[in-house]
Amino acid sequence: QLQASGGGLVQAGGSLRLSCTSSGSSIEAIGWYRQAPGKQRELVAAISSGTRTNYAGSVNGRFTISRDNAQNTVYLRMNALKPEDTAVYYCNQGDWFGARYIEGTYWGQGTQVTVSS
């Protein structure tokens, strides 16, 4: 079971750190997705069970995904936030194939991130 947390309200230019914790089995490859009202869900960052990562172009250089296996947690550090980053953010446990994250069936409950201008 995945639990996402860390969302909130922040001004543009601010930072937040989201956490995705597995309460059951060891946390494996994780993807952070977001969905804004009226928009499709998009993958913003992913990390393999090791240290391989990839990022959407819109967040590259601003967001950093990392993992702490001892805590069974994956983090998403979000810096230089923009109003267009406003969305519900979800973590997903999936797989890694080559250089790509493959979406799995297990989702966290979502955490709201709101960036004011």
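(A) Up close: the pairing of strand β10 (residues 100-107). Where strand β9 (residues 87-97) lies against β10, 5 bridges are found, and the strand directions are antiparallel. Looking at β10, one finds that W96 is bridged to Y101.

(B) Main features of the pairing of strand β1 (residues 2-5). Side chains of β1 alternate between two faces, with L2 and A4 buried and Q3 and S5 left unburied. With 4 bridges connecting them, β1 and strand β3 (residues 16-22) associate as antiparallel partners. Its bridge partner being in β3, S5 is matched across the sheet by S19.

(C) Spotlight on the packing of aromatic side chains. All told, the structure shown has 4 aromatic pairs when counted by the stated rule. Measuring from centroid to centroid gives 6.4 Å for Y90 and W107, while their planes differ by 90°, and the two rings are edge-to-face. With Y90 in strand β9 and W107 in strand β10, this pair connects stretches of sequence that are 17 residues apart. Residue classification places Y90 among the partly exposed positions, given a relative accessible area of 22%. The ring of Y33 carries the charged tip of R41 above its face, separated from the ring centre by 5.7 Å.

Rules used in this analysis
Residues numbered from 1 in each chain as written. Predicted model: local features only at pLDDT ≥ 70, side-chain atom pairs only at ≥ 80, totals over all residues. Heavy atoms only, no water. Pairing = 2+ DSSP bridges. Helix = DSSP H or I, 4+ residues; strand = E, 2+ residues; numbered from the N terminus. Buried < 20%, exposed > 50% of the residue type's maximum accessible area, 1.4 Å probe, protein only. Phe/Tyr/Trp six-rings, centres within 6.5 Å; stacked < 30°, edge-to-face > 60°. Lys NZ or Arg CZ within 6 Å of the ring centre and 35° of its normal.

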